[in-house]
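Analysis of the macromolecular model
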Amino acid sequence: MTGAARAAPAACVIGWPIAHSRSQLIHNYWLRHYGIAGEYRREAVTAEDFAAFAGSLAARGYVGANVTLPHKEVALRLSLPDDRAEAVGAANTLWFEGGALRSTNTDVEGFLANLDAVAAGWDRTSDAVVLGAGGSARAVVFGLRERGIARIHVVNRTAERAVALRTRFGEQVHPVSAAELPDLLAKAGLLVNTTSLGMRGQPPLVIDLAPLRSGAVVCDLVYAPLETELLRAARAAGHPTADGLGMLLHQAVRGFSLWFGIRPSVTPELRTLIEADLAKT
Ligand code: NDP
């Protein structure tokens, strides 16, 4: 490695396992696209080693990092989080500010920016239905609340986790049972799947879209397969849709701009690149 290459800004994604991550493809595409002499790598780091690794990020030559499973909660505790990371309870992006290790959660803006890009005006509804109450549901519910959705109805297999979302985010959140879905879908302008159902290797997501309000937007966070059964059925019924790959690409924007100083665009060329990679698995 030359001296010049060593001086180039570098970032990485830290996880365990990490081989499945597409972040490297996304950020290295942008580095090439904008002609930045930087680098983005994958770092396989166990839970045991994470704190030491995060503490030595700068010494390792990193200007920041993405953090993925299983480190997102620990990353929050080891850094100075912004409001979004604090509210979601997990950090996925680290950077340095005035010498301090800062963190944010970019799933919130990935979710919102993707909807804005593919279904502008989606937030002109007072009712949204969210399936699931895990980690990604926290980012989704926080984003919906931020955008002023009056009633966010949450259905989850484990009812207590939906109740916990209300405790965390307040009265806009309504934990509901699956039996209430048909009535709620009839008035919802947005349906979001945040469960892992429908993902390759997982059980299918079984839901009847027939009662869903005409014109309601359907969003699935699952991106493998790219076209989930939920999205296929929604498109067939004429609903606008937002897919998980769009969210994944949009959530990467903030990290890149924090580390490399340019706010990158989510282009059709980038999407095609990641789609081709997803098709390999
Ligand atoms: P979590 O493990 O935190 O949550 C999983 C959710 O799925 C829970 O609500 C869980 O219910 C539910 N679930 C799992 N199995 C079943 C089942 N058999 N029947 C009913 N419900 C079930 O995962 P995440 O929230 O982190 O991720 C969820 C999905 O979102 C994944 O597919 C992930 O890849 C995707 N994702 C996509 C992103 C993107 O950028 N596109 C970003 C983040 C996530 P329960 O509480 O009862 O266990």
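Residues numbered from 1 in each chain as written. Predicted model: local features only at pLDDT ≥ 70, side-chain atom pairs only at ≥ 80, totals over all residues. Heavy atoms only, no water.

**What to know about the overall build of the chain**
For the chain, the helix and strand inventory stands at 12 helices and 12 strands. Over its C-alpha atoms the chain spans a radius of gyration of 19 Å, differing by no more than 12% from the 19 Å that the globule rule assigns to 281 residues. Dimensions of the chain, computed from C-alpha atoms along their principal axes, come out at roughly 65 × 40 × 35 Å. Considering the chain as a whole, with its 281 residues, one finds that 51% of them fall into the buried category. Summarising the internal contacts of the chain: among those between residues at least 6 apart in sequence, 66% fall at separations of at least 24. Accessible surface computed for the chain: about 12,700 Å², of which carbon and sulfur atoms make up 54%. (Helix = DSSP H or I, 4+ residues; strand = E, 2+ residues; numbered from the N terminus. Rg over C-alpha atoms; globule rule 2.2 N^0.38 Å. Buried < 20%, exposed > 50% of the residue type's maximum accessible area, 1.4 Å probe, protein only. Contact = heavy atoms within 4.5 Å. Areas by Shrake-Rupley, 256 points an atom, 1.4 Å probe, with all protein chains shown as cover.)

**Section: the nonpolar core**
With 31 residues, the main nonpolar core has F111, L115, W122, L144, V154, L165 and L190 as its most contacted residues. Mapped onto this core, the elements with two or more residues apiece are α5 (83–88), α6 (107–118), β7 (127–131), α7 (135–146), β8 (151–155), α8 (159–169), β10 (190–193) and β11 (217–220). Per-element accounting of this core gives the leading share, six residues, to α7. Residues contacting L144, with those up to four places away along its chain left out, are F111, W122, A128, V130, I149, I152 and L190. Listed in part, the 21 residues of the second largest apolar core include I18, I26, A252 and L278. (Core = buried A, V, L, I, M, F, W, Y, C linked by side-chain atoms within 4.5 Å.)

**Some thoughts on the pattern of salt bridges**
Inspection of the entire model under this criterion finds 16 salt bridges. The salt bridge involving E275 is made with R271; its shortest N-O contact spans 3.0 Å. A residue pair is termed a helical-turn pair when its members lie 3 or 4 positions apart in one helix, as E275 and R271 do in helix α12 (residues 268–280) at four residues. When the shortest N-O distance is used, the salt bridge between K280 and D277 registers 3.2 Å. One end of the pair, K280, and the other, D277, are both in helix α12, three residues apart, so they sit about a helical turn from each other. Looking at K280, the relative accessible area reads 68%, which means it is exposed. (Salt bridge = Lys/Arg side-chain N within 4 Å of Asp/Glu carboxyl O.)

**Quick look at the pairing of β11**
Along β11, one buried face is formed by V217 and C219 and the opposite face, lined by V218 and D220, is buried too. Bridging between β10 and β11 involves four bridges; their strand directions are parallel. In the strand pairing of β11, L190 is matched with V217. Inspection of the sheet shows β11 paired to strand β12 (residues 241–242) by two bridges, in the parallel sense. Residue pairing across strands places C219 opposite A242, the latter belonging to β12. A crossover links β11 with its parallel partner β12, the connecting element being helix α10 (residues 229–236), and its sense is right-handed. (Pairing = 2+ DSSP bridges. Right-handed = clockwise from strand over helix to strand, strands pointing away.)

**Digging into the packing of α7 against α8**
Relative orientation of the contacting elements α7 and α8 amounts to 45°, with a least axis distance of 11 Å. Classified by the angle between their axes, α7 and α8 sit oblique to one another. Relative to α8, α7 is oriented so that their crossing is right-handed. Judged by residue contacts, A137, R138, V141, F142 and R145 of α7 engage L165, R168 and F169 from α8. Looking at side-chain class alone, the contact of α7 with α8 contains five nonpolar, no polar and three charged residues. (Axes fitted to C-alpha atoms, helices over the stretch in contact; angles between N-to-C directions. Parallel < 35°, antiparallel > 145°, perpendicular 65-115°, else oblique. Left-handed = near helix turned anticlockwise from the far one by under 90°. Nonpolar A, V, L, I, M, F, W, Y, C, P; charged D, E, K, R; others polar.)

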